[in-house]
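# Report on the structure
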Amino acid sequence: MSILHNLQHIRLQILQAEERYQRPTGSVELLAVSKGKNAEAIIQAVQSGQHHFGENYVQEALEKIDHLKKLPLVWHFIGHIQHNKCKSIAQHFSWVHSVCRADVAQKLHESRPDSMPPLNICIQVNLADETSKSGLSVENLPGLIETISKLPKLKLRGLMLIPPPCTDPVKQYETFSALRECKEKIPLDLDTLSMGMSGDFIQAIRAGSTIVRIGQAIFGPRG
Ligand SMILES: *Cc1c(COP(=O)(O)O)cnc(C)c1O
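Residues numbered from 1 in each chain as written. Predicted model: local features only at pLDDT ≥ 70, side-chain atom pairs only at ≥ 80, totals over all residues. Heavy atoms only, no water.

## Focus on the pairing of strand β1 (residues 29-33)
β1 sits mainly inside the fold: four of its five residues count as buried. Pairing analysis gives four bridges linking β1 to strand β9 (residues 211-214), with the strands arranged parallel. In the sheet register, Ala32 faces β9, and the bridge partner there is Ile214. Assessed by its sense of winding, the connection that carries the chain from β1 through helix α2 (residues 39-47) to strand β2 (residues 52-55) is right-handed. (Buried < 20%, exposed > 50% of the residue type's maximum accessible area, 1.4 Å probe, protein only. Helix = DSSP H or I, 4+ residues; strand = E, 2+ residues; numbered from the N terminus. Pairing = 2+ DSSP bridges. Right-handed = clockwise from strand over helix to strand, strands pointing away.)

## Points about the pairing of β2
The alternating pattern of β2 places His52 and Gly54 on one face and Phe53 and Glu55 on the opposite face, and all of these are buried. Relative to β2, β1 is paired through two bridges, and the arrangement is parallel. From the neighbouring strand, Ala32 faces β2, where its bridge partner is Phe53. As paired strands, β2 and strand β3 (residues 74-77) are joined by four bridges and run parallel to one another. By the bridge assignment, Phe53 is partnered in β3 with Trp75. Since β2 and β3 lie parallel, the crossover through helix α3 (residues 58-67) that links them has a hand, and here it is right-handed.

## Side note on the environment of Val125
Along the chain, the position of Val125 falls in strand β5 (residues 119-126). For the pair Val125 and Pro163, spaced 38 residues apart in sequence, the C-alpha separation works out to 9.5 Å.

## Re helix α6 (residues 141-149)
Listing the buried residues of α6 in full gives Leu141, Leu144, Ile145 and Ile148. Buried residues of α6, seen end-on, are gathered within an arc of 105° and therefore sit on one face of the element. Of the surrounding elements, those touching the buried residues of α6 are β4 (95-99), α5 (102-111), β5, β6 (136-137), β7 (154-161) and α7 (169-184). (Arc of directions from axis to C-beta. Contact = heavy atoms within 4.5 Å.)

## Description of the site of the ligand
Surrounding the ligand, one finds 13 residues, the nearest of these being Lys35, Asn56, Ser198, Gln216 and Arg222. Between Lys35 and the ligand, the recorded distance is 2.7 Å, taken from a side-chain N or O atom to an oxygen atom. One of the side-chain N or O atoms of Arg222 is found 2.8 Å from an oxygen atom in the ligand. For the ligand, whose free accessible area comes to 380 Å², the fraction covered by protein is 91%. In this structure the site holding the ligand corresponds to the largest pocket. (Near = heavy atom within 4 Å. Polar contact = N/O pair within 3.5 Å; in protein donor to acceptor, adjacent residues only side chain to side chain. Areas by Shrake-Rupley, 256 points an atom, 1.4 Å probe, with all protein chains shown as cover. 1 Å grid on protein atoms, 1.4 Å probe; cavity = no way out; pocket = protein on both sides within 12 Å on 5 of 7 lines; lining within 4 Å. Sits in = over half its atoms within 2 Å of the grid points.)

## A short note on the pattern of salt bridges
Within this structure, the stated rule accounts for eight salt bridges. In this structure, the salt-bridge partner of Lys150 is Glu146, at a minimum N-O distance of 3.1 Å. The class for Lys150 is exposed, based on a relative accessible area of 61%. Using a relative accessible area of 45% as the deciding quantity, one classes Glu146 as partly exposed. A salt bridge links Asp191 to Arg157; its shortest N-O distance comes to 3.0 Å. With Asp191 in the loop between α7 and β8 (192-194) and Arg157 in strand β7, the pair connects residues that are 34 residues apart, well separated along the chain. (Salt bridge = Lys/Arg side-chain N within 4 Å of Asp/Glu carboxyl O.)

See below:
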């Protein structure tokens, strides 16, 4: 299967899910997760009309970003954030989906060049039923939201979720709905729910996702 074919198939599935679940057409952004894939694979995706790319590892990402700097791409950082990598992230990405600590938010703010627009931020949430160690608990959300709201070089866009692997669509939908409800309780105008990966993005769209992060279904299995 080619990257072009895979992208066309995913875009069709997104369109069909928008229609089936009464979501406005075009309300779900496709983020192509290119971790572990080389610049050539990304170029193939670009030639198929893809412009938003997600990366997890700073060093790996910086090489690709530099190599592809002539292309009009939007880079999203979606991986675990190490404190000493905040500066590189703030200088080279447009979005960060995985913020879950105030000191990281502060560092991203300080490192964001004045010449660049505010860095778009999602807070990664850890719903109580998760086994995952990353993400902020729901009870600690208000504090981090307040911190980020005071940092003018960051723009809080919404929430992000990495649920535990699950193949049951009913369970997937319940989990994603819990994140949507979490966002609805926040008294701010947030426009982003970053949720849904290759194995569960249909139910994420049903539950209100605005960005699906898809890797393997576009680029094939990771080695
Ligand atoms: C790898 C990754 C994805 C993509 O997962 P696939 O199963 O390849 O679609 C999405 N989000 C995050 C945070 C990831 O690390």
